[in-house]
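Structural overview
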Amino acid sequence: MWLIVLLILLGVLFLVAELVLLPGISLGALFALICYGSAIYTAFTDYGPFAGGVVVLVIAALSFVATVFSLRSKTWQRFSLKQRIESSSMPLPADEVKAGARGVAVSRLAPMGKVEIGGRIYEAKSADVYIDQRCAVEVIGFENFNLVVRKVDDASSACIH
């Protein structure tokens, strides 16, 4: 009987390790299944169907409790990173260029390319259509360290060819 209890406890331990320490690795779950299977097999062969059924119910109940406890408790918060990264390896374009600023496309934006605004070159993304080289653009937003631009359609700022 002590072997069955030991296998059940080891199975619960491996299950909790899989959920908390090794998520996605599946070794803990594999070892838990081996322990559970061995405990159930031993209970059925040594003590009969009633004891085997009781072991199955005990394993199901303990696994459910261990899973709920592992996922609902503050366990994940103890292992999670709480520090925020405030710095950057490069300045945000939003710190240098404001929405509404106008410039010219240095390369074709299909949909990514380079634009010149205020004498500086920036990586930009076209919001809707491809923009040819040397066409006037206007900044409409920012996304992932890139400017989001649209083509300026008025006659005074047509593309220079």
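Residues numbered from 1 in each chain as written. Predicted model: local features only at pLDDT ≥ 70, side-chain atom pairs only at ≥ 80, totals over all residues. Heavy atoms only, no water.

Considering the nonpolar core
Membership of the largest hydrophobic core comes to 15 residues, with the highest contact counts inside it found for Ile4, Ile8, Leu15, Tyr36, Ala39, Val55 and Ile59. Elements supplying a minimum of two residues to this core: α1 (2–20), α2 (27–47) and α3 (49–72). Considering every element that reaches this core, the biggest residue donor is α1, with seven residues. Those residues in contact with Ile4 that sit more than four places away from it in its chain are Ala39, Thr42, Ala43, Tyr47 and Val55. In terms of nonpolar packing, the next biggest core, distinct from the first, is built from 13 residues, Ala105, Tyr122, Cys135 and Val139 among them. (Core = buried A, V, L, I, M, F, W, Y, C linked by side-chain atoms within 4.5 Å. Buried < 20%, exposed > 50% of the residue type's maximum accessible area, 1.4 Å probe, protein only. Helix = DSSP H or I, 4+ residues; strand = E, 2+ residues; numbered from the N terminus. Contact = heavy atoms within 4.5 Å.)

Quick look at α3
Taking 1.5 Å per residue as the helical rise, α3 with its 24 residues ought to reach 34 Å, and the 34 Å between its terminal C-alpha atoms agrees with that figure. Regarding α3, the residues found buried are Ala51, Gly52, Val55, Ile59, Ser63, Ala66 and Ser70. (Expected span 1.5 Å × (residues − 1).)

A look at the pairing of strand β1 (residues 102–105)
Bridge count between β1 and strand β4 (residues 136–143): three bridges; the pairing is antiparallel. When the sheet's bridge partners are listed, Val104 is paired in β4 with Ala136. Where β1 hands over to strand β2 (residues 112–117), the hairpin turn is made up of six residues, counted between the paired strands. (Pairing = 2+ DSSP bridges.)

Looking at the packing of α2 against α3
Pairs of packed helices are described in terms of their axes, by the angle between the two and the distance that separates them. It is the contact of α2 with α3, at a shortest axis distance of 7 Å, that shows an interaxial angle of 160°. Taken together, the axis directions place α2 and α3 in an arrangement best described as roughly antiparallel. When you trace α2 past α3, the crossing you get is right-handed. Contact with α2, carried on its side by Tyr36, Ala39, Ile40, Ala43, Phe44 and Tyr47, involves Pro49, Ala51, Gly52, Gly53, Val55, Val56, Ile59 and Ser63 of α3 and no other residues of that element. (Axes fitted to C-alpha atoms, helices over the stretch in contact; angles between N-to-C directions. Parallel < 35°, antiparallel > 145°, perpendicular 65-115°, else oblique. Left-handed = near helix turned anticlockwise from the far one by under 90°.)

Re the side chain of Ser63
Relative to the helices and strands, Ser63 resides in helix α3. For Ser63, a relative accessible area of 14% puts it in the buried group. If we skip the residues at most four places from it in the chain, Ser63 touches Leu15 and Tyr36.

Some words on the packing of aromatic side chains
One pass over the full model with this rule turns up one aromatic pair. Geometrically, the ring pair formed by Phe14 and Phe31 is tilted, given 5.3 Å between the ring centres and 50° between the ring planes. One end of the pair, Phe14, is in helix α1; the other, Phe31, is in helix α2, and 17 residues separate them in sequence. By relative accessible area, Phe31 is classed as partly exposed at 37%. (Phe/Tyr/Trp six-rings, centres within 6.5 Å; stacked < 30°, edge-to-face > 60°.)

Re the environment of Asp128
With respect to the helices and strands, the residue Asp128 is situated in the loop between β3 (120–126) and β4. Each C-alpha atom, one on Asp128 and one on Val149, is 8.7 Å from the other, the two residues being 21 residues apart in sequence.

So, the sheet that holds β4
Taken in spatial order, the five strands close into a barrel running β1-β2-β3-β5-β4, and their pairing is mixed. Recorded for the sheet is a direction-independent mean angle of 55° between the axes of neighbouring strands. Two strands pair when backbone bridges link them, and β1 and β2 are joined in this way by two bridges, in the antiparallel orientation. Bridge pairing in β2 places Val104 opposite Glu116.

Some thoughts on unusual backbone geometry
Only a minority of non-glycine residues have a phi that is not negative, and only a minority of peptide bonds are not trans. Along the chain, Ala110 connects to Pro111 via a cis peptide bond; the corresponding omega equals -15°. You can see Pro111 is positioned in the loop between β1 and β2.

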